[in-house]
Amino acid sequence: MSTRFPQAELTEVPEDIATKILEIQEKSGFVPNVFLMFARRPAEFRAFFAYHDAIMLKEDSALTKGDREMIVTTISAANKCTYCVVAHGAILRIYEKKPLVADQVAVNYRTAEISDRQRAMLDFATKVNSASHEIADADFDALREHGFGDEDAWDIAAITAFFGLSNRMASFSGMLPNPEFYLMGRIPRS
């Protein structure tokens, strides 16, 4: 739901978009608001989710699914995007099997109970988010010390940049998190 823009009605969207939304509903048990919000503009929906899937579902990467969601949660918190912190924090809790991790990285990843490798990854993502023009060889070296290569740095930066866009769209539109996200990964799924 959005406080500023109407969501698309599932019966009014093109078939390929309706199919994707119904697949998500089948998997999660509900339709995340971001899908119905972007479905208002079919060309943008397709472009948005094609890039999302390319970076978030990539199989040949050193980043785990949990790593990716940790980047999204951390960056979304830095960008003050409630929708993405809540939604991706829920997914992070599930992937990492840690009910506290999303809250910890959203508040301050530097003190969160995460690995040094993940902290280095988030240091890089945070710098890409706030000062990408200052990225230097030393930043890549810091990643390499934790086993990340140049392609991994690209993946971290791509996720960071994409969710910068997503954060801004969700925030300006007044997109609200679905209530279901708040308990995901905190209590056993029924």
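Residues numbered from 1 in each chain as written. Predicted model: local features only at pLDDT ≥ 70, side-chain atom pairs only at ≥ 80, totals over all residues. Heavy atoms only, no water.

Named according to an unreviewed UniProt entry, the protein chain is Peroxidase-related enzyme originating from Rhodococcus baikonurensis.

Caption draft 1: How the structure looks around the state of the cysteines. Within the structure shown, the criterion is met by zero disulfides. For Cys84, which is in no disulfide, the shortest distance to another cysteine sulfur is to Cys81 and amounts to 3.6 Å. Its relative accessible area of 2% is what places Cys84 among the buried residues. (Disulfide = S-S within 2.5 Å. Buried < 20%, exposed > 50% of the residue type's maximum accessible area, 1.4 Å probe, protein only.)

Caption draft 2: Focus on the layout of surface pockets. Roughly 1100 Å³ of volume is contained in the largest pocket. Along the walls of the largest pocket sit 35 residues, with Lys27, Ser28, Ile91, Tyr95 and Met184 positioned nearest its centre. Secondary-structure elements contributing two or more residues to the lining of the largest pocket are helix H1 (15-28), helix H2 (33-38), helix H3 (42-56), helix H4 (65-78), helix H5 (82-96) and helix H9 (150-173). Ranked by the residues each element gives to the lining of the largest pocket, the list is headed by H5, at six residues. Of the residues belonging to the lining of the largest pocket, the class tally is 20 nonpolar, six polar and nine charged. A volume near 170 Å³ is recorded for the second largest pocket. Broken down by element, the lining of the second largest pocket gets its largest block of residues, four residues, from H9. Of the residues contributing to the lining of the second largest pocket, the split by class is seven nonpolar, one polar and three charged. (1 Å grid on protein atoms, 1.4 Å probe; cavity = no way out; pocket = protein on both sides within 12 Å on 5 of 7 lines; lining within 4 Å. Points joined across faces, edges and corners; volume = space filled by probe spheres on them. Helix = DSSP H or I, 4+ residues; strand = E, 2+ residues; numbered from the N terminus. Nonpolar A, V, L, I, M, F, W, Y, C, P; charged D, E, K, R; others polar.)

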